[in-house]
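Coordinate analysis (summary)
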Amino acid sequence: MKKKVVLTLLGCLFALLSHAQTAIVQGTVKDHLGLPLAFAHVYVEGERSLVSTDADGKFSLKVPAGRKIVVVASYVGFENETRSFNLKEGETVNYTPLLNPSSTRDTAVIRAERHHGMPTVSIDPEHAKVISTVGDPIIALIKSQVGVNSNSELGTGYSVRGGSFDENLIYINDVEVYRPFLARSGQQEGLSFINSDMISEIAFSSGGFEARYGDKMSSVLNITYRKPTKFAAGGNIGLLGGSAYVQAPLFKKRLQLNLGGRYRSNNYLLRFMDTRGEYKPRFYDFQGQATFIASEKVDISLLGIYSSNQYLFFPQSRETSFGTIQQTYKLSVAMGGREITNFATGLGALTILARPSEHVELKFIGSYTQTKESERFDIEGSYRLGELDNNPASDTYGEVTSPIGSGGYINHARNFLEARIIAVDHKGIFSKEKFSIRWGAQYKNELINDKLREWNISDSASYLLPYYGPQDDTPINAQTFVKSDIMLLSHRVSGYTEFNYRDLAKDSTLIMLNIGVRAQWWSINREWLISPRMQLAITPNWKRRNMVFRVAGGVYYQAPFYRELRDMDGSINTSVKAQRSIMALGGLDYYFKIWKRPFKLTAEAYYKYLTNLNPYELDNIRIRYYAQNNARGFAYGADMKLNGEFIRGVESWATISFLQTKEDIKDDYYYKYYDVNGNQIYPGSNVPAFDSSLVTPGFVPRPTDQRVTFSIFFQDNIPKLPQLKVSLNLVLGTGWPYGPPNKNRYADTLRMPFYRRVDLGFLYEVISPDIKYKSARMENAKKYIRRAAFALEIYNLLGINNTVSYNWIRDYKGFYYSVPNYLTPRLFNLKFTIDFK
């Protein structure tokens, strides 16, 4: 048997391919009110290729002929409509699916509302299988959405419309998940919590979301894992690791299992970084979901996740060149010691879904999350900073000819954090044809144990020391020391209610309205938060009904969690209050056709008025808060997205975002110093000060003020070689602000270089359900294998050195130099993927 399987797989590589016999299924997809559904999906069950309906709900799907197939019409928030066909070659049939709203899946209803103009959008999880990225594929998809910014491909954090990484909600099956607390860099984070092999639905909102979602100021990502109704299994393996999954309905589909495991090692990526040494990263997780259909009215689901991210590093050396063509510098560091970080997280959740009547759905969720994190390092280094010879005709071209600085340092840390979060939720919905009422309540018990021991020593050259200007009379401190031992137990209570209305006006204008309010109380600061929210979408009764206008707004609070309470010295401030964003948003969706294919243009403009801000410093992915509500600010901008079938049958999109976000810290100021001739004295100068003037900085850019972001996700099928598919993921963003590593936010006005990255992927399908083979052996293999493919991925195609953060070096004369920390260079990855039936 094994020999036959091996021969079958080998035959897949060399068998001659033939063109498939096809027929056409065409028609219009409509909802229960008889309205056409734009961007609904129509596909053949068990196959990847699909088409999307146009603005009038029309579609034309090419299907295999000569055998029985099942055509599925799907639209998020509605029950799937299926019909069996057995068509002759060249035959064309008309099919008009009528979809009814889902009364059993809360998340599906959420996703459907966006397609009628609401702020939450749906993302096809199939895109995660083809997008080329060195990081998590789901996070890469999110980073390509409107309003989303990032300056690192390694980390799982992202900024949405000027917010911090901590301002984003992430749910899996209605259970909130958390990023690591102690991570300093993207290479430490490893795997994200989301397993793309297990997903059925992705919902994302970049602002203006509904009251049912929690208290964050920027965005919400809601992941729903699949409840399989038929067997499926598969996996992939490549140079960066692999994954495997099994999905099976058992006992006449009353028990639905969805299991997945992943392993990843970034050693292949990291050994090409500027800092050389022995990298031993090991990241793995196991996830499982079991759903028991107790009766027609009761489902019981159990979700379990265990994740381990271990990062071991023995540094040896570092060489970084930086500067301009006219003046280039080189930092050389000899290093020793080791760094060990461990992030272990477990999550368990029990969900009971009850449908006591046709119009009522009740959900009860109990969840337990525990994370244990440790960060231990002892790194010693000695460095030399020098100026490079830039003359190509010189014998010393590219060599250091003018040493300008040298020194040594020791960095030490023994940091440990343990967090335990217990949550009990209830959610409910009462729905009728034109309206629905939602409600929910939650209790959380949060326990944090945090032990922080961290210090660093530098020599007289002041390597990596905080910046001190000439106005500071205190001598430069050659040693920093942070120590804390904190246990924090708290209770959090929240609830919400929503009213949703959807109907046709007398002139057949479609109106959708959502009004809700959310409340929360936290035992630490004893603060009550009341958050009203509203969303309105109108589809005018124009000839083609191809425009949707929407407005959204409300009060969004960022209730503090433990990280927001801890200041840069390691102590906590329990009086920190919630940050507040008053947001207004307006936008439209425009449906149209190009080349007889459906497209959609989305445009949004927004304004956020920010108060009670808790300022923070951002270094790589590490966020360190001031732990004070001493700032106010704003964010405004505009986003546009064009998506559709640039290539027939596959979806691609392009987005562009414009943003400005600033904050004003209360009572901050600094002095400018002048010499006897009235010339300003700049930092590092030894000229004595003769005069000074007080400066109040006012508004300064927030750490995530990325003014312009442009991204493209493009897919293509080679016409004469249908088994070869190409995908391109392009991201271009202006630089983020940065400054000297001190607590003076007004100094963070420098700008990093543009973030520019192109990842390219080639996918060759050895076995595909869309192709009929001449070889009987290949056709026999299709009975057991749904798809098998080889992939070649080229990361950072243009080989650009993108900067994620800076180290600060002081030379012999007291001047500071910002040395960039670069991200991954150009790399190649090979991967094999197989999916069984």
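Data block above holds the structure.
This part is about the overall build of the protein. If you tally the helices and strands in the protein, you get seven helices and 48 strands. Radius of gyration (C-alpha) of the protein: 28 Å, near the 28 Å computed for a compact globule of 837 residues. Each of the 837 residues in the protein was classed as buried or not, and the buried ones make up 56%. Across the protein, every contact between residues at least 6 apart in sequence was considered, and the portion connecting residues at least 24 apart equals 68%. Carbon and sulfur atoms form 57% of the exposed surface of the protein, whose accessible area is close to 35,400 Å². Side-chain charges of the protein comprise 100 positive and 81 negative groups, with the mean position of each set lying 8 Å from the other.

Turning next to the sheet that holds strand 38 (residues 691-695). Strand order in the open sheet made by the three strands is 37-36-38, with antiparallel pairing throughout. Among the strands making up the open sheet, the edge pair consists of strand 37 (680-681) and strand 38. As judged from the five bridges shared by strand 36 (residues 670-674) and strand 38, these two strands associate in the antiparallel manner. Across the sheet, the residue bridging to Y670 is V695, located in strand 38.

So, on to the sheet that holds strand 8 (residues 92-94). Judged by pairing direction, the sheet is mixed, and its three strands sit side by side in the order 5-1-8 without closing on themselves. Only two strands of the sheet have a single neighbouring strand rather than two, namely strand 5 (58-64) and strand 8. Strand-to-strand twist across the sheet, computed as the mean angle between neighbouring axes with direction ignored, equals 20 degrees.

Below, the discussion takes up the nonpolar core. Of all hydrophobic cores here, the largest spans 35 residues; its most connected members are Y158, I172, I194, F204, L221, I223 and L347. Of all the secondary structure elements, the ones that give two or more residues to this core are helix 3 (137-143), strand 13 (168-172), strand 15 (199-205), strand 16 (219-225), strand 21 (298-323), strand 22 (328-357) and strand 45 (785-795). Ranked by residue count, the leading element in this core is helix 3, at five residues. The residues touching F204, leaving out its near neighbours within four places in the chain, are P119, T120, V121, I123, I142, Q145, V148, Y158, V160, S219, V220 and L221.

We now examine the environment of R420. Checked against the element boundaries, R420 lands in strand 24 (residues 400-431). Taking relative accessible area as the criterion, R420 reaches 22% and is therefore assigned partly exposed. Put simply, R420 and Y607 are 187 residues apart on the chain and 36 Å apart in space, counted from C-alpha to C-alpha. Every residue in contact with R420, bar those within four places of it in the chain, is listed here: Y368, T369, Q370, N445, E446, L447 and L489. Reaching out from R420, the side chain makes a polar contact with the side chain of N445 at a distance of 2.3 Å.

With that settled, the discussion passes to the pairing of strand 22. In the sheet, strand 21 pairs with strand 22 via 23 bridges, with the strands oriented antiparallel. The partner of Q310 across the bridge, within strand 22, is N342. The hairpin formed by strand 21 and strand 22 contains four residues between the paired strands. For strand 22 and strand 23 (residues 360-388), the ladder comprises 27 bridges, and the chain directions are antiparallel. Residue pairing for strand 23: Y329 is matched across the bridge by E387. Hairpin connection of strand 22 to strand 23: two residues between the antiparallel strands.

You can see K143 is positioned in helix 3. Buried charge without a partner: K143 forms no salt bridge, and the closest opposite charge is E153, 7.2 Å away. Here S150 takes part through its side chain, which lies 3.4 Å from a polar atom of the side chain of K143.

Tracing the backbone shows S243 in strand 18 (residues 241-250). By relative accessible area, which is 15% here, S243 ends up buried. Not counting residues up to four positions away in its chain, the partners in contact with S243 are D197, G234, G235, N236, G261 and R262. Separated by 3.0 Å, the side chains of S243 and D197 make a polar contact. Of note is the side chain of S243, whose polar atom sits 2.7 Å from the side chain of N236.

This next bit is on the pattern of salt bridges. For the coordinates displayed, the defined rule picks out 35 salt bridges. Residues D174 and K363 are paired through a salt bridge, measuring 2.8 Å at the closest nitrogen-oxygen approach. One end of the pair, D174, is in the loop between strand 13 and strand 14 (175-176); the other, K363, is in strand 23, and 189 residues separate them in sequence. K363 matches D174 in its accessibility class, with the two residues each being buried.

So, about the packing of aromatic side chains. Considering all chains together, one arrives at 32 aromatic pairs under this definition. Ring geometry for F209 and Y556: centres 5.0 Å apart, planes at 65 degrees, overall edge-to-face. Taken together, the residues span a long stretch of sequence, with F209 in the loop between strand 15 and strand 16 and Y556 in strand 29 (residues 547-558) at a distance of 347 residues. For the pair shown, F209 and Y556 are each scored as buried. Measuring from ring centre to ring centre gives 5.8 Å for F634 and Y636, while their planes differ by 15 degrees; the resulting arrangement is stacked. Sitting above the plane of the W653 ring, K641 keeps its charged end 4.8 Å from the centroid.

Reading the values: rules and limits
- Residues numbered from 1 in each chain as written.
- Predicted model: local features only at pLDDT ≥ 70, side-chain atom pairs only at ≥ 80, totals over all residues.
- Heavy atoms only, no water.
- Helix = DSSP H or I, 4+ residues; strand = E, 2+ residues; numbered from the N terminus.
- Rg over C-alpha atoms; globule rule 2.2 N^0.38 Å.
- Buried < 20%, exposed > 50% of the residue type's maximum accessible area, 1.4 Å probe, protein only.
- Contact = heavy atoms within 4.5 Å.
- Areas by Shrake-Rupley, 256 points an atom, 1.4 Å probe, with all protein chains shown as cover.
- Lys, Arg positive; Asp, Glu negative; His and termini not counted.
- Charge placed at Lys NZ, Arg CZ, Asp CG, Glu CD.
- Pairing = 2+ DSSP bridges.
- Axes fitted to C-alpha atoms, helices over the stretch in contact; angles between N-to-C directions.
- Core = buried A, V, L, I, M, F, W, Y, C linked by side-chain atoms within 4.5 Å.
- Polar contact = N/O pair within 3.5 Å; in protein donor to acceptor, adjacent residues only side chain to side chain.
- Salt bridge = Lys/Arg side-chain N within 4 Å of Asp/Glu carboxyl O.
- Phe/Tyr/Trp six-rings, centres within 6.5 Å; stacked < 30°, edge-to-face > 60°.
- Lys NZ or Arg CZ within 6 Å of the ring centre and 35° of its normal.

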